[in-house]
Amino acid sequence: MDNAIPLKTSTSGLRKTNPTLAIIGKVLIYVVLIVGAIIALFPFFWMVSTSLMTLGETLQLRLLPAVPIWTNYAEAIERAKFDKYLVNSLIVTLGTMAGLLITSILAAYAFARIKFKGSNLIFMLFLATMMIPESVTLIPNYLMIRGDILPIPGGSWMNTYWALTIPFIANAFSIFLLKQFFQQVPNELWDAARMDGADHLRFLVQIVLPISKAPIMTVLLFGFTGSWNAFSWPLIVTSNDKWRTVMIGLWNFVGEAGTETNLLMAGAVITLIPILLLYLFTQKQFTQGIATTGLKG
Amino acid sequence: METSNTLISTKSSSAFKKQAFKDQITGILFTLPAIIIIFFFGLFPIGYSFYMSLYNWNVRKGKFVGLQNYLNIFGDWTAFFQVVLGIALIVLAITLSRKVKQSETRFSKYSFVVLIILLVLAGVFFLTGWGRMIELGDKAYLSSLVNTLYYALGTVPTQIIIGMVIAYFLYQKIAGKELFRMLYFLPYVTPAVSTAVVFRIIFNRPDYSIANRLIGLFGIDPLKWRFEKIPIMQLLGFDIEGFFAGPSLALITIMIYGVWSFVGYNVVIFLSGLGNIPKEVYEAAEIDGATKSQLFRYITIPYLSPITFYLSLISLIGTFKAFNHIYVLRLPSAGYSVITASVYIFDRFYQYTQFGVATSQAIVLFLIILGLTVVQNKVMAERVFYG
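Everything numeric in this text was worked out from a predicted model, so none of it was measured.

Trainee: Describe the overall build of chain B, with residues and values.
Mentor: Regarding its fold elements, chain B presents 16 helices and zero strands. Dimensions of chain B, computed from C-alpha atoms along their principal axes, come out at roughly 85 × 70 × 60 Å. Looking at the 387 residues of chain B, the share that counts as buried comes to 48%. A separation of at least 24 residues holds for 68% of the contacts in chain B among residues at least 6 apart in sequence.

Trainee: Now, about the overall build of chain A: what can you tell me, with residues and values included?
Mentor: The helix and strand tally for chain A stands at 15 helices and zero strands. On C-alpha atoms alone, chain A measures out to a radius of gyration of 26 Å, which is more than a quarter above the 19 Å that the 2.2 N^0.38 rule sets for 297 residues. Viewed in the frame of its principal axes, chain A has a C-alpha envelope of about 75 × 65 × 35 Å. Evaluated residue by residue, chain A yields a buried proportion of 51% over its 297 residues. Here chain A has roughly 13,700 Å² of accessible surface; of this, 69% comes from carbon and sulfur atoms.

Trainee: Before we move on, can you summarise the packing of aromatic side chains with the specific residues and values?
Mentor: Applying the stated rule across the entire model yields 62 aromatic pairs over all chains. Arranged with centres 5.3 Å apart and planes meeting at 75°, the rings of A:Tyr142 and B:Phe349 form a pair that is edge-to-face. Note that A:Tyr142 is positioned in helix H7 (residues 134-145) and B:Phe349 in helix H15 (residues 341-350), a pairing that runs across two chains. For B:Phe349, a relative accessible area of 3% translates into the label buried. Here B:Phe346 and B:Tyr350 contribute two aromatic rings whose centre-to-centre distance is 5.2 Å and whose plane-to-plane angle is 35°, an arrangement assigned as tilted. On the criterion of helical spacing, the pair formed by B:Phe346 and B:Tyr350 is a turn pair, its members being four residues apart in helix H15. By the ring-pair criterion, three or more aromatic residues cluster together here, those being A:Tyr142, A:Phe231, A:Trp251, B:Phe323, B:Tyr327, B:Phe346, B:Phe349, B:Tyr350 and B:Phe355. In this structure, A:Lys179 packs its charged tip against the face of A:Phe123, placed 4.3 Å from the ring centre. Above the plane of the ring of B:Tyr298 lies B:Arg297, whose end atom (NZ or CZ) is 5.0 Å from the centre.

Trainee: Mind laying out the interface of chain B and chain A, listing which residues take part and the relevant values?
Mentor: Across the contact, 99 residues belong to chain B and 100 residues belong to chain A. Here chain B and chain A share an interface that buries about 8,700 Å² over both sides, 79% of which is from carbon and sulfur atoms. A per-residue breakdown of the area chain B buries against chain A is headed by B:Phe30, B:Ile38 and B:Phe41, which together make up 9% of the total. Summed over the shared surface of chain B and chain A, the result is one salt bridge. Residue B:Glu178 is joined to A:Lys284 by a salt bridge in which the shortest nitrogen-to-oxygen separation is 3.8 Å. At the boundary of chain B with chain A, the tally comes to 16 residue pairs in polar contact (both at pLDDT 80 or more).

Trainee: Any chance you could break down a nonpolar patch on the surface for me, citing the residues and the numbers?
Mentor: The grouping of B:Phe21, B:Ile25, B:Ile28, B:Leu29, B:Leu32 and B:Ile36 at the surface amounts to a nonpolar patch, some 540 Å² of accessible area in total. Of note, B:Leu32 is situated in helix H2 (residues 13-53).

Trainee: Could you give me a rundown of the packing of helix H6 (residues 119-128) of chain A against helix H9 (residues 172-182) of chain A, with the residues and numbers involved?
Mentor: Residues and elements named next belong to chain A. It is at 8 Å that the axes of H6 and H9 come closest, and there the two elements cross at 125°. The orientation of H6 with respect to H9, classified from their angle, is oblique. Crossing of H6 over H9 shows left-handed handedness. Along its contact with H6, which presents Phe 123, Phe 126 and Leu 127, the element H9 presents Ala 172, Ile 175, Phe 176 and Lys 179. Residue classes in the contact of H6 with H9 are distributed as six nonpolar, no polar and one charged.

Trainee: Any chance you could break down H2(B) for me, citing the residues and the numbers?
Mentor: Over its 41 residues, H2(B) extends only 52 Å from the first C-alpha to the last, a length that falls short of the 60 Å expected when each residue adds 1.5 Å. A bend of about 45° at B:Phe44 is the largest found in H2(B), and the proline B:Pro45 appears one to four places after it.

Trainee: I'd like to hear about H7(A), residue by residue, with values.
Mentor: Residues and elements named next belong to chain A. Over its 12 residues, H7 extends 15 Å from the first C-alpha to the last, a length consistent with the 16 Å expected when each residue adds 1.5 Å. The buried fraction of H7 is high, at 11 of 12 residues. Within the span of H7, buried status applies to Ser 135, Val 136, Thr 137, Leu 138, Ile 139, Pro 140, Asn 141, Tyr 142, Leu 143, Met 144 and Ile 145. Gly 147 sits one or two positions beyond H7 and adopts a positive phi of about 80°.

Trainee: For the environment of B:Lys321, give the residues involved together with the corresponding values.
Mentor: Its location among the elements puts B:Lys321 in helix H13 (residues 292-321). Look past the residues within four positions of B:Lys321 in its chain and what remains in contact with it is A:Met130, A:Met131, A:Ile132, A:Pro133 and B:Ser342. In terms of polar contacts, B:Lys321 uses its side chain to reach the backbone carbonyl oxygen of A:Met130, at 2.6 Å.

What counts and how
- Residues numbered from 1 in each chain as written.
- Chains lettered and ligands numbered in written order.
- Predicted model: local features only at pLDDT ≥ 70, side-chain atom pairs only at ≥ 80, totals over all residues.
- Heavy atoms only, no water.
- Helix = DSSP H or I, 4+ residues; strand = E, 2+ residues; numbered from the N terminus.
- Buried < 20%, exposed > 50% of the residue type's maximum accessible area, 1.4 Å probe, protein only.
- Contact = heavy atoms within 4.5 Å.
- Rg over C-alpha atoms; globule rule 2.2 N^0.38 Å.
- Areas by Shrake-Rupley, 256 points an atom, 1.4 Å probe, with all protein chains shown as cover.
- Phe/Tyr/Trp six-rings, centres within 6.5 Å; stacked < 30°, edge-to-face > 60°.
- Lys NZ or Arg CZ within 6 Å of the ring centre and 35° of its normal.
- Buried area = accessible area lost by both parts, 1.4 Å probe.
- Salt bridge = Lys/Arg side-chain N within 4 Å of Asp/Glu carboxyl O.
- Polar contact = N/O pair within 3.5 Å; in protein donor to acceptor, adjacent residues only side chain to side chain.
- Patch = residues over 30% accessible without salt bridge, like charges linked within 9 Å, V, L, I, M, F, W, Y side chains within 5 Å.
- Axes fitted to C-alpha atoms, helices over the stretch in contact; angles between N-to-C directions.
- Parallel < 35°, antiparallel > 145°, perpendicular 65-115°, else oblique.
- Left-handed = near helix turned anticlockwise from the far one by under 90°.
- Nonpolar A, V, L, I, M, F, W, Y, C, P; charged D, E, K, R; others polar.
- Expected span 1.5 Å × (residues − 1).
- Bend = angle between axes of the 7 residues up to and from the residue.

Structure, rendered in structure tokens:
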């Protein structure tokens, strides 16, 4: 094959086969990719670096602290009660994920494998909700949580974990994602299971779920980030420290910390660490999940 | 064992009916939890928002005012219908031009004239209507829609182009491909509030802004970034007023954040799309003597077009929904220049407790998103090349 190259280039001029051009092209590609990566990473670097500076160093716009001040983190946690908010966020996030898992597995299975009247219509309505902006749903949901529209248990869910979890324990995206996967489970498996007297629930639990770890993982990951990163909803349904999540805590700290940007950045790092850890350990599932759902959407 | 026997032996219609009935019940039961949540918190609010928008509703329900809240937005119904007519004519002109392109060229001159007339009429209707709406209606809300449009026009194409180029580069034989992909995707997964708080500091007051130090390396004078409400064109020294003066530098700073946080998503989607292009197509073109740039132009871009379509749709809807980072990055000193529709609506609700006003504005935003989705679906579906 190598012998053919000079022949080709001589007949049609400079081409991809020209070695110097190929090298220049490669270098250019690397330069673009590295510059891109630096831009993507700089805010993270800056955040961590600033969080370890003295106040004086932040004002001088130093790139790195002379000596890292780790006590900034302790001070940020104490000043902004991040410890308390972290616990709240964790409870809310885990609760949401548990609910989300149950509702979306059941619904996705039904849409994928059970023929029932109205299933298409319901599924289309579900999908339609993905297009609706939060601006439209926010206000009625707020009234709903206050018990102004319908009587709800306890009268009002303002400042409760219910308000922070219940509206998010089902979403069209997760159902859609799992449905795509459940549809690919071979029919022969279901026929065989039915021969053995299994009903849908048993088939789902014993056969389908064990082979669906990857998409379930994706649903859990998106559930976690969605719940952890939530901002406008927790902002309006919580009015005191006891129930606030980390994102609200950080937002309040923006005003409180004022010019003490080192403390503010320490706070930002704290709110971000759980997501960062999760991402580092599961980034394959993350990107694959995005790719498959993205392509089929 | 008993049931399995009956299933095999009796294929009578009653057994089928029984199974169908069982399936019906199971189907409903399985979907019920999701239906309840999605109905009450996803679908019902649309209807209820519309209901609320018909009242003078400030925290508590007040007097029924009909479409008054909507009239307050548009200022004047004739102006509103002029704008709608203008948009309808533009859509009509676009559909016509596509039809003409597809059909014979015999009537092309005639149809060209019709097209021009249509577009001029559309422009006249739209501009006069819009002018009156700004004059008589809720100027702040209408300009928040314009800001949203700026935001969409500034971010969506940028994200898609950068995303496609990076994905294409990553798809070559590159060392550290996985690492690059991971890094690019990082801004997308990390919490918007946390990273937006960092951008607040990066684009801090001119004297304390690391962004100013960076542009200083290239000899550019310090900018006011998030604090700057003057439109970009005027900042660059052009004497332009109105829409073409462009967004304020403060809004552009928010767009920079938007692109930064969203490019990684596009990269991942484009990468998987590139993986689906058959290798043979490239090989065949290379044998025919195509250059790298020709391969990109005539194979990669057409094959990726369904994905480009999907991404532009998703991002466009995303920009109209965008809230968290805009809310965190905005400053009072940038005035209304950084307020997009979703932020404006949130303020009406949260700060001013004008629920009726806010819901009417939310419904208008929703209808715009709906319209954009339909139009973009139609227009792009024709252009998409399905390999």
